[in-house]
Amino acid sequence: MLTTQDMINQLTWTTPGAIRELDYNSDYTDAGERAALAFVRNDITGTPILDIGVGTGRTIGLLKPLSSDYRGIDYLQSMVELSRRRYPDATIELGDARNLPEMPADHFGFVQFSYNGIDSVSAQDRKQVLANVYRVLVNNGLFLFSTLNMNGPIPKQRPWHMFLPQAPDPLRFAVRFARMLLWKPVEVLRWYKLRKHQESGAGFLVAPLPAHHWSILAHYTSIERQVDELEQNGFAVVCIFSSEPGNVVLPGDDTSGIDYFHVVARKLRM
């Protein structure tokens, strides 16, 4: 059954504008993702790979060359069809990370859930994601995912905050600035509508996300809660990277300037 968060987010991701934004990054999303994939590359090359939340197909080109047993899934049929058209030789299926009955147990050496995809579900559903990833991974298999930082700058942003656009010349700057001003009333209205669905608890927050003009409801977490959550679900944290500049982050570090984390975890035998 779709949750309110599902319905809000899926409505956004099926729009042409959202697809254009997802296509903006055709390679790595940031330095942290690049560092995290480089960190695991030797261990995962040649092992079965499950790529969760492929979206428009960005990660297929990064991961498929590493394995002859690659599978990608997305919980939106439109994204599955788009990725299949772009990568006709890849196995892309409709699937939800919270329920993976079609995926074999103890099979994959590597599972990835990129671009803060795990943050698109509730705090309770997040546990289901971890349980399903645990089931399909082999013992000592690796799980890489990115997750928004509750203590970083993004949760403090508001739609009325002004950030000057980047542009190579004055004309393009003027056009982008005018477009930004036109969007402001829409963004403020969206923020107020999503704000009523906000919730928080020990080390987590569910709140509006600036992406896609404030039309996403996302889960944010602290690094300490994320470590605890993984350990409670049978994983050991191997390494955590900041989104920028891609350096290693440890519990207790100052994370106030980090937008999100890339977490590498290993499945332990329970």
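The structure contained in this document is the topic of the report that follows. Not measured: the values here are computed from a predicted model.

### Some points on the overall build of the chain
No. 1: Each helix and strand counted, the chain has 9 helices and 10 strands in total.
No. 2: The globule rule puts the C-alpha radius of gyration for 270 residues at 18 Å, and the 18 Å found for the chain is close to it.
No. 3: Its C-alpha atoms put the chain at 55 × 45 × 40 Å along the principal axes.
No. 4: Counting only residues that meet the buried cut, the chain has 51% of its 270 residues in that class.
No. 5: For the chain, the accessible surface area stands at approximately 12900 Å², while carbon and sulfur atoms represent 56% of it.
No. 6: Between the averaged position of the 27 positive side-chain charges in the chain and that of its 29 negative side-chain charges there is a distance of 5 Å.

### Observations regarding the pattern of salt bridges
No. 1: Scanning all chains against the criterion turns up 12 salt bridges.
No. 2: A salt bridge links Lys-64 to Asp-89; its shortest N-O distance comes to 3.7 Å. Of this pair, Lys-64 sits in the loop between α4 (60–63) and β2 (70–74) while Asp-89 sits in the loop between α5 (77–86) and β3 (91–94), placing them 25 residues apart in sequence.
No. 3: On the basis of relative accessibility, which here comes to 58%, the residue Asp-89 falls in the exposed class.
No. 4: Close ionic contact of Arg-98 with Asp-96 constitutes a salt bridge, the shortest N to O distance being 2.8 Å.
No. 5: On the accessibility criterion, Arg-98 (11% relative accessible area) is buried.

### Description of helix α3 (residues 31–44)
No. 1: Helix length check: α3 (14 residues) gives 20 Å between terminal C-alpha atoms against 20 Å at 1.5 Å per residue, within 8%.
No. 2: Helix geometry: α3 is bent most strongly at Ala-38, by close to 30°.
No. 3: Among the residues making up α3, those that are buried are Gly-32, Glu-33, Ala-36, Leu-37, Val-40 and Ile-44.
No. 4: Buried-residue contacts for α3 involve β1 (49–52), α4, β4 (108–113), β5 (137–149), β9 (235–242) and β10 (260–267).
No. 5: For α3, the N-terminal capping position is held by Asp-30, with its side-chain oxygen 2.9 Å away from the main-chain nitrogen of Gly-32.
No. 6: Within two residues after α3, Gly-46 carries a phi angle of roughly 90°, on the positive side.

### Some words on empty space enclosed by the protein
No. 1: Within this structure, the stated rule accounts for 1 cavity of 30 Å³ or more.
No. 2: Approximately 30 Å³ is the volume found for the largest cavity.
No. 3: Around the largest cavity sit Glu-33, Gln-112, Phe-113, Ser-114, Tyr-115, Leu-144, Phe-145, Ser-146 and His-262, which together line it.
No. 4: The set of elements that each furnish at least two residues to the lining of the largest cavity consists of β4 and β5.
No. 5: With 3 residues, the top contributor of residues to the lining of the largest cavity is β5.
No. 6: In the lining of the largest cavity, the residues fall into 4 nonpolar, 4 polar and 1 charged.

Cut-offs used in this document
- Residues numbered from 1 in each chain as written.
- Predicted model: local features only at pLDDT ≥ 70, side-chain atom pairs only at ≥ 80, totals over all residues.
- Heavy atoms only, no water.
- Helix = DSSP H or I, 4+ residues; strand = E, 2+ residues; numbered from the N terminus.
- Rg over C-alpha atoms; globule rule 2.2 N^0.38 Å.
- Buried < 20%, exposed > 50% of the residue type's maximum accessible area, 1.4 Å probe, protein only.
- Areas by Shrake-Rupley, 256 points an atom, 1.4 Å probe, with all protein chains shown as cover.
- Lys, Arg positive; Asp, Glu negative; His and termini not counted.
- Charge placed at Lys NZ, Arg CZ, Asp CG, Glu CD.
- Salt bridge = Lys/Arg side-chain N within 4 Å of Asp/Glu carboxyl O.
- Expected span 1.5 Å × (residues − 1).
- Bend = angle between axes of the 7 residues up to and from the residue.
- Contact = heavy atoms within 4.5 Å.
- Polar contact = N/O pair within 3.5 Å; in protein donor to acceptor, adjacent residues only side chain to side chain.
- 1 Å grid on protein atoms, 1.4 Å probe; cavity = no way out; pocket = protein on both sides within 12 Å on 5 of 7 lines; lining within 4 Å.
- Points joined across faces, edges and corners; volume = space filled by probe spheres on them.
- Nonpolar A, V, L, I, M, F, W, Y, C, P; charged D, E, K, R; others polar.

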